[in-house]
Amino acid sequence: NASLMDDPRYDFENNLVVIGQTQNVPSAKLVPVTPFLAYFRHQCTSDNIESLYPGNTSEVSQVFTLTISELLELEETMYLKRLGMEGPVYKSKYGDIWGLTALVLKPLLHEVLKPSFLTHDGHTKSLL
């Protein structure tokens, strides 16, 4: 998606590395959205996240970080009225992750991140 890669808010050269993208997912208004999977070149903390990734203020009220373990602990299900179905929600002290973001995050969290980075008892795997 050229518009995302050219957006000056996201510093792909110094901060973000795009691993890939998923198939299009329809939004509540049936507009196709293409989720990208990326990681930061630098350690993200609550102190530096907004400078590394400012987010889109028309889409999110706040940018924050959570660990894989925190996301797994916070995961709940709620009725998504706009979508007419049950869906995941991650209720944190910073705000809720819900809707299309949570729907895209849940399988990634359970099928890729959890098996790759956490042991069976929930501890972080050594990457060495």
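These figures come from a predicted structure and were not determined experimentally. (Residues numbered from 1 in each chain as written. Predicted model: local features only at pLDDT ≥ 70, side-chain atom pairs only at ≥ 80, totals over all residues. Heavy atoms only, no water.)

1. Here we look at the nonpolar core
Counting residues in each nonpolar core, the largest one holds six residues, listed as L71, Y90, I97, A102, L105 and L109. With three residues, helix α4 (residues 99-117) is the largest single contributor of residues to this core. Here L71 is in contact with L66, Y90, I97, L105 and L109, once residues within four sequence places are set aside. (Core = buried A, V, L, I, M, F, W, Y, C linked by side-chain atoms within 4.5 Å. Buried < 20%, exposed > 50% of the residue type's maximum accessible area, 1.4 Å probe, protein only. Helix = DSSP H or I, 4+ residues; strand = E, 2+ residues; numbered from the N terminus. Contact = heavy atoms within 4.5 Å.)

2. Some thoughts on the sheet that holds strand β6 (residues 85-91)
The strand order β5-β6-β7 describes an open sheet built from three strands, whose pairing is antiparallel. Both edges of this open sheet fall to β5 (75-80) and β7 (96-97), since each of them pairs with a single strand only. Across two bridges, β6 lies against β7 in antiparallel orientation. Residue Y90 lies in a different strand from β7, and its bridge partner there is I97. Lying on the sheet, α4 is in contact with β5, β6 and β7; it crosses β6 at an angle near 80°. (Pairing = 2+ DSSP bridges. Axes fitted to C-alpha atoms, helices over the stretch in contact; angles between N-to-C directions.)

3. Quick word on α4
Along its length, α4 reaches its greatest deviation from straightness, about 50°, at L109. Looking at α4, one finds that the buried residues are G99, A102, L105 and L109. Contact partners of the buried residues in α4: α3 (68-74), β5, β6 and β7. (Bend = angle between axes of the 7 residues up to and from the residue.)

4. Considering the pattern of salt bridges
Applying the stated criterion across every chain, the model contains one salt bridge. For K106, the salt bridge goes to E75, with nearest N and O atoms at 3.7 Å. Highlighted residues: K106 in helix α4 and E75 in strand β5, separated in sequence by 31 residues. (Salt bridge = Lys/Arg side-chain N within 4 Å of Asp/Glu carboxyl O.)

5. So, the environment of H110
In this fold, H110 is placed in helix α4. In sequence terms H110 and L72 are 38 residues apart; their C-alpha atoms lie 8.3 Å from each other. At 2.9 Å, the side chain of H110 forms a polar contact with the side chain of E75. (Polar contact = N/O pair within 3.5 Å; in protein donor to acceptor, adjacent residues only side chain to side chain.)

6. Quick notes on the side chain of S92
In this structure, S92 sits in the loop between β6 and β7. There is a polar contact of 3.1 Å between the side chain of S92 and the backbone nitrogen of Y94. Among the polar contacts made by the side chain of S92, one reaches the main-chain carbonyl oxygen of G95 at a distance of 2.8 Å. Once residues lying within four places of it in the same chain are set aside, the contact partners of S92 are F64, L66 and L74.

7. As for unusual backbone geometry
If you check the backbone angles, L30 has positive phi at about 65° while not being a glycine. In this fold, L30 is placed in the loop between β2 (25-26) and β3 (32-33). L30 sits in the exposed class, given a relative accessible area of 69%.

Fair warning: the whole summary comes from geometry, so function is off the table for now.
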